[in-house]
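Notes for the structure review
Residue-level listing of the chains:
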Amino acid sequence: MIKEEWKLKGSIDEPVPLGADLAAEIRRMCKEKNAVVMAHYYTPGDVQDAADFIGDSLALARKAAGTEADVIVMCGVHFMAETCKLLCPGKKVLCLDLKAGCSLADSCPSAELEAMKRSHPGHTVVSYVNTTAAVKALTDVVVTSGNAERVVGKLPEDEKIIFGPDYNLGDYINGATGRRMLLWRGGCHVHERFTAEALRRLKACHPGAVVMAHLECKADVLAEADVKGSTAVMLEYAAAHPELTYIVATEAGILHEMRRRCPSTEFIAVPPSTGDARNECEYMKMNTLLKLYNTLKYEWPEVNVPDDIAQRAVKPIERMLEMS
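This is a predicted model, so every value here is computed, not measured.

To continue, consider the overall build of the chain. The secondary structure content of the chain amounts to 17 helices and 12 strands. Expected size for 324 residues packed as a compact globule is a radius of gyration near 20 Å; at 20 Å, the chain falls within 12% of this value. On the principal axes, the C-alpha backbone points of the chain span a range of 55 × 50 × 35 Å. Expressed as a percentage of the 324 residues in the chain, the buried residues total 54%. About 14300 Å² of surface is accessible on the chain, with carbon and sulfur atoms providing 50% of the total. Of the charged side chains in the chain, 38 are positive and 45 negative, and the gap between their average positions amounts to 1 Å.

Shown next as structure tokens:
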């Protein structure tokens, strides 16, 4: 089916006229089609530069819902486009590449979560926003890395909780709140590649540098950090203290926005355990300016969520917004 659609509508990687200014063409088509482009912080820099809005996944979906646009182009990964569709049911939502998945979302299949719920009756399911719509439909309240501690803290102290899929985030919240949530054993393959040893080596080379680490990192990595939090927390801290030097433990795409906001500040990316210079998500890097151009041109691939799942999946997001 997908192959047939490609034959009819063209490949998202097909060439464009020689000498075409892709960024200018993207802006032209956005105006022509009443479209807006949303880009996650982890996408390539030229994609972020071409976007109307950049941010983390839920912030982008909420921003999209507040626009008057007819077409939303989500530059990120598939679950982000799904979340955008949940909050923008009347808009056409496009995703640059349907193969751009997420190791964290994929680590929690909906059927397995449903089985876990059955084996633990009476538990409230708290799910990280980095999940599929099908998993959100099985969830009582969704959280982000920025509000997870606050939302969980508002639940009754004796409430039994299943938290997933990010084990590291859940482990951090358990420690911060004194909870004993039952944790799903999932994780982000990018953040799992950071090591405390690599951080310590960088700290030795850059004494006085502030270490920032995302809450999806392992506990021993977080123990080395001065600033622990979401991408938004890191950006806000750096913007408030541009005179400092930063060692950054999250997907390296964030450095593009950090350097845009703080052009005179030194940001140092923590390398992964694989030995690469930068720790990058290959799924986020599947977003390219050429794919963005062709996605807008053909208004495809489009992402939809079945009505029965969408009706259930939006409720835990609404509950989170009420609680936070």
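The next point concerns the confidence of the model for the chain. Confidence in the prediction of the chain, expressed as mean pLDDT, is 94, and 95% of residues score 70 or more. This model gives residues 1-10 a pLDDT under 50, and the stretch forms 10 contacts once residues within four places in sequence are excluded.

Another aspect to go through is the side chain of S145. Structurally, the position occupied by S145 is in the loop between β6 (141-143) and α9 (148-154). Relative accessible area serves as the criterion here: at 14%, S145 is assigned to the buried category.

Turning next to the sheet that holds strand β10 (residues 227-229). Read from one edge to the other, the open sheet built from four strands follows the order β10-β9-β11-β12, with strand pairing classed as parallel. Each edge of the sheet is formed by a strand with only one pairing partner; in this case those strands are β10 and β12 (267-269). Neighbour-to-neighbour, the strand axes of the sheet open up by a mean angle of 20°, direction not taken into account. Pairing analysis gives four bridges linking strand β9 (residues 210-214) to strand β11 (residues 246-249), with the strands arranged parallel. Across the sheet, A213 pairs through a bridge with A249, a residue of β11.

Below, the discussion takes up the environment of V37. Position of V37 relative to the elements: it lies in strand β1 (residues 35-40). For the pair V37 and A64, spaced 27 residues apart in sequence, the C-alpha to C-alpha distance is 8.9 Å.

The next point concerns the nonpolar core. Generally speaking, soluble globular proteins have nonpolar side chains that are buried together. Counting 86 residues, the largest nonpolar core has M212, V248 and M258 as the members making the most contacts within it. A total of seven residues in this core trace back to one element, the largest contributor, which is helix α17 (residues 307-323). Setting aside its immediate chain neighbours within four residues, V248 contacts M212, M234, I254, L255, M258, F267, I268, A269 and V270. The next biggest cluster of nonpolar side chains, apart from the first, holds 19 residues, and it includes M29, A51, L96 and L296.

On the basis of which strands lie adjacent, the open sheet formed by four strands has the order β6-β5-β7-β8 and parallel pairing. Edge positions in the sheet fall to β6 and β8 (182-183), since each has one partner strand and no second. Judged from the four bridges that link them, strand β5 (residues 124-128) and strand β7 (residues 161-164) form a sheet pairing that is parallel. When the sheet's bridge partners are listed, V125 is paired in β7 with I162.

Further remarks concern helix α5 (residues 78-87). Within α5, nine of the 10 residues are buried, leaving the element largely enclosed by the surrounding structure. Taken as a whole, α5 has its buried residues at F79, M80, A81, E82, T83, C84, K85, L86 and L87.

A word on the pattern of salt bridges. Taken as a whole, this structure holds 13 salt bridges when the rule is applied. Here R201 ties to E197 by a salt bridge, and the two come within 3.1 Å at their closest N and O atoms. Pair noted here: R201 and E197 are both in helix α12 (residues 196-205), with a separation of four residues, about one helical turn. When the shortest N-O distance is used, the salt bridge between R278 and E280 registers 3.0 Å. For R278, a relative accessible area of 37% translates into the label partly exposed.

This model, assessed by the stated rule, comprises two aromatic pairs. Ring geometry for Y237 against Y246: centres 6.3 Å apart, planes inclined by 90°, an arrangement best described as edge-to-face. Between Y246 and F267 the ring centres are 5.5 Å apart and the planes differ by 15°, which places this aromatic pair in the stacked class. Pair noted here: Y246 is in strand β11 and F267 is in strand β12, with a separation of 21 residues, a long-range link. For the pair Y246 and F267, one class covers both residues: buried. Members of the aromatic cluster, joined through ring pairs, are Y237, Y246 and F267.

Remark: helix α2 (residues 22-33) packs on helix α16 (residues 289-298), axes separated minimally by 10 Å, with the N-to-C direction vectors making an angle of 25°. If you check the angle between α2 and α16, you find them roughly parallel. Seen from above, α2 lies across α16 with left-handed handedness. Every residue of α16 that contacts α2 at L22, A23, E25, I26, M29, C30 and K33 is listed here: L289, L290, L292, Y293, L296 and K297. In terms of residue class, the contact of α2 with α16 is made up of 10 nonpolar, no polar and three charged.

So, how was this worked out
- Counting from 1, residues in each chain are numbered in the order their sequence is written.
- Only residues with pLDDT of at least 70 are given local features in this predicted model, and only at 80 or more are side-chain atom pairs given and counted; all residues enter the totals for whole chains, interfaces and linings.
- The basis for the side-chain values is all heavy atoms of the structure; hydrogens and waters are excluded.
- Numbering of helices and strands starts at the N terminus; helices are DSSP runs of H or I of at least 4 residues and strands are runs of E of at least 2.
- Based on C-alpha atoms, the radius of gyration is set beside the globule rule, defined as 2.2 Å times the residue count to the power 0.38.
- Here's how the labels work: a residue is buried when its accessible area is under 20% of the maximum for its type, exposed when over 50%, partly exposed in between, all with a 1.4 Å probe on protein chains only.
- To measure how exposed things are, a 1.4 Å probe is used in the Shrake-Rupley method; for residues, cover is taken only from the protein chains shown.
- In this tally, Asp and Glu contribute negative charge and Lys and Arg positive charge; neither His nor the terminal groups of the chain are included.
- Charge positions are represented by NZ for Lys, CZ for Arg, CG for Asp and CD for Glu.
- Per-residue confidence from the prediction method is given by pLDDT, with values spanning 0 to 100.
- Between two residues, a contact is recorded if the distance between any of their heavy atoms is within 4.5 Å.
- Following DSSP output, two strands are said to pair if at least two bridges run between them.
- All axes here are fitted lines through C-alpha atoms, helices being fitted over the stretch that makes contact, and every angle between N-to-C directions spans 0 to 180 degrees.
- Residues enter a nonpolar core if they are buried and are Ala, Val, Leu, Ile, Met, Phe, Trp, Tyr or Cys, with the set joined through side-chain atoms within 4.5 Å.
- For this analysis, a salt bridge means a side-chain nitrogen from Lys or Arg found within 4 Å of a carboxyl oxygen belonging to Asp or Glu.
- Centres within 6.5 Å are what make two rings of Phe, Tyr or Trp a pair, Trp counting through its six-membered ring; a difference in plane orientation under 30 degrees is then read as stacked, over 60 as edge-to-face, and the rest as tilted.
- Our angle categories are set so that under 35 degrees counts as roughly parallel, over 145 as roughly antiparallel, 65 to 115 as roughly perpendicular, and the remainder as oblique.
- Crossings are classed by handedness, with left-handed meaning an anticlockwise turn of the near helix from the far one by less than a right angle and right-handed meaning a clockwise turn.
- By the convention adopted, Pro, Cys, Tyr, Trp, Phe, Met, Ile, Leu, Val and Ala count as nonpolar, Lys, Arg, Asp and Glu as charged, and the other residues, Gly among them, as polar.

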